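The lines below spell out each chain.
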Amino acid sequence: MSGSRDLTLRVALAQVDCVLGEVAENTRQTHEVLERARSEAADLVVLPELALTGYSLGRVNEDVSRSLDDPEITGLAESAGEIACVVGFAEAGRVHTYNSAAYLERGAVRHVHRKLYLPTYDIWEERKHFTAGDAMRAFDTDVAGRVAILTCFDAWQPALAVLAVQDGARVLIVPANSTGRRPAIEDEWRDVNRFYARMLECFVIFVNRVGVEGELSFWGGSHVYDPWGELVAEAPVDEPALVTADLDLAAVRRRRREMPLVKEARLALLSRELERLAAEGGDL
């Protein structure tokens, strides 16, 4: 997007609870969130992973997946109006079901990120319900320039964040359903997101949900880091919130000029070494 370096982005972190399996109710709540964000002059609203369905889909008997042209998705895109929105949902593909995050802008779905890494260990069983996506792409937006989405566990694979930034992203958006299953998880998430912000010299927007589903308790704590790794905004723990933050997108360029880490990627070298490792059996 031309002129994106000069934009100030007002982002709203929509730290919500949702009702498991109740797409209509969760969609209604999302419409309310959009109205609240509009009253606060937000440019972009980010909701958590699977905000329209809830997380524990193994407990839901009916099919709650939705295609991109279903009324719940198109209706949100239309009602968002001038506000852009990232919302998580179970996407009904032609054959497969994906854990997806849609980027809505100017009344349409402008991009869909299908979660690439599906945790299936301990109590997690995402591969039982979803197929992994097959692409990591940054994309252009009207309100924020070039951005990328990494859904929850995707952010624990550092190569994805590197790929996104090398594809031009100046903002990484991380919708999540993180629970208190690991005792240090809150600090771990802050460490991961601060590392990306500082080393990849970008903004990182992390939006986690709250609430309880069975034995899962989601802790919230949504936050934003700037390209120096400084905390810009943070939502409370364990309660719903809509927190806004103003991001000076020109800061990305300033940071990358003063310490040019990102331009030293040597992508051809990395490509050769990755191809060698994959050929040796590293691609499961």
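Heads up: the structure comes first, above all this text.
Attention in this report is confined to the structure presented alongside it. (Residues numbered from 1 in each chain as written. Predicted model: local features only at pLDDT ≥ 70, side-chain atom pairs only at ≥ 80, totals over all residues. Heavy atoms only, no water.)

Helix and strand content of the protein: six helices and 14 strands. Here the protein has a C-alpha radius of gyration of 18 Å; the compact-globule value for 284 residues is 19 Å, and the two agree. In terms of principal-axis extent, the alpha carbons of the protein reach across some 50 × 50 × 40 Å. Per-residue burial over the protein gives 52% buried out of 284 residues. At a minimum sequence separation of 6, the contacts of the protein that also span at least 24 residues come to 68%. (Helix = DSSP H or I, 4+ residues; strand = E, 2+ residues; numbered from the N terminus. Rg over C-alpha atoms; globule rule 2.2 N^0.38 Å. Buried < 20%, exposed > 50% of the residue type's maximum accessible area, 1.4 Å probe, protein only. Contact = heavy atoms within 4.5 Å.)

Where a strand is regular, its side chains alternate between the two sheet faces. Of all nine residues making up strand S4 (residues 97-105), eight are buried, and the element is well covered by its neighbours. Of the strand pairs in this sheet, strand S3 (residues 84-92) and S4 are connected by eight bridges, and their pairing is antiparallel. Counterpart to glycine 88 in the pairing with S4 is alanine 101. Between S3 and S4, which follow one another and run antiparallel, lie four residues. Where S4 folds back on strand S5 (residues 108-114), the antiparallel hairpin that results is connected by two residues, among which arginine 106 adopts a positive phi of roughly 55°. (Pairing = 2+ DSSP bridges.)

This paragraph deals with the layout of surface pockets. Roughly 650 Å³ of volume is contained in the largest pocket. If you trace the largest pocket, you find 15 residues lining it, with Tyr117, Ala159, Leu163, Leu274 and Ala278 closest to the centre. Here the element with the most residues in the lining of the largest pocket is helix H6 (residues 267-282); it accounts for eight residues. Residue composition of the lining of the largest pocket, grouped by class: ten nonpolar, three polar and two charged. The volume enclosed by the second largest pocket comes to roughly 300 Å³. Together, 18 residues line the second largest pocket, and Tyr121, Trp124, Phe153, Arg182 and Ile185 are the ones closest to its centre. (1 Å grid on protein atoms, 1.4 Å probe; cavity = no way out; pocket = protein on both sides within 12 Å on 5 of 7 lines; lining within 4 Å. Points joined across faces, edges and corners; volume = space filled by probe spheres on them. Nonpolar A, V, L, I, M, F, W, Y, C, P; charged D, E, K, R; others polar.)

Okay, the side chain of threonine 179 next. Structurally, threonine 179 is set in the loop between strand S8 (171-176) and helix H4 (185-199). Contact partners of threonine 179, with chain neighbours within four places excluded, come to Trp124, Ile185, Leu216, Ser217, Phe218 and Trp219.

Across all of its chains, the model carries 29 salt bridges by this definition. Here glutamate 32 ties to arginine 28 by a salt bridge, and the two come within 2.4 Å at their closest N and O atoms. Taken together, the residues span about one helical turn, with glutamate 32 and arginine 28 both in helix H1 (residues 23-39) at a distance of four residues. A salt bridge links glutamate 82 to arginine 38; the shortest N-O distance between them is 3.5 Å. Here glutamate 82, found in the loop between helix H2 (71-80) and S3, pairs with arginine 38, found in helix H1; they are 44 residues apart in sequence, far enough to count as distant. Salt bridges sharing common partners tie together Glu105, Arg106, Arg110 and Asp142. (Salt bridge = Lys/Arg side-chain N within 4 Å of Asp/Glu carboxyl O.)

Another point: the environment of tyrosine 98. Here tyrosine 98 is to be found in strand S4. A C-alpha to C-alpha distance of 15 Å links tyrosine 98 and aspartate 69, two positions 29 residues apart in sequence. Other than its neighbours up to four places away in sequence, tyrosine 98 contacts Phe89, Ala90, Glu91, Gly93, Arg114, Phe130, Thr131, Ala132 and Gly133.

Let's shift gears to the packing of aromatic side chains. By the definition in use, this model includes eight aromatic pairs. Here tyrosine 121 and phenylalanine 153 contribute two aromatic rings whose centre-to-centre distance is 6.2 Å and whose plane-to-plane angle is 45°, an arrangement assigned as tilted. With tyrosine 121 in the loop between S5 and strand S6 (139-141) and phenylalanine 153 in the loop between strand S7 (145-149) and helix H3 (158-166), this residue pair connects regions lying 32 residues apart in the sequence. Given a relative accessible area of 44%, tyrosine 121 falls into the partly exposed group. (Phe/Tyr/Trp six-rings, centres within 6.5 Å; stacked < 30°, edge-to-face > 60°.)

In space, the six strands of this open sheet follow the order S5-S4-S3-S2-S1-S14, with mixed pairing throughout. Where the open sheet ends on each side, the last strands, each with one partner, are S5 and strand S14 (241-248). Within the sheet, the average angular offset between the axes of one strand and its neighbour, ignoring direction, is 30°. Here S4 pairs with S5 via six bridges, running antiparallel. Each residue of the ladder has a partner; that of alanine 101, found in S5, is histidine 113. With respect to the sheet, H2 is in contact with S3, S4 and S5, its orientation differing from that of S4 by roughly 20°. (Axes fitted to C-alpha atoms, helices over the stretch in contact; angles between N-to-C directions.)

As far as function goes, none of this settles anything; it's purely spatial.
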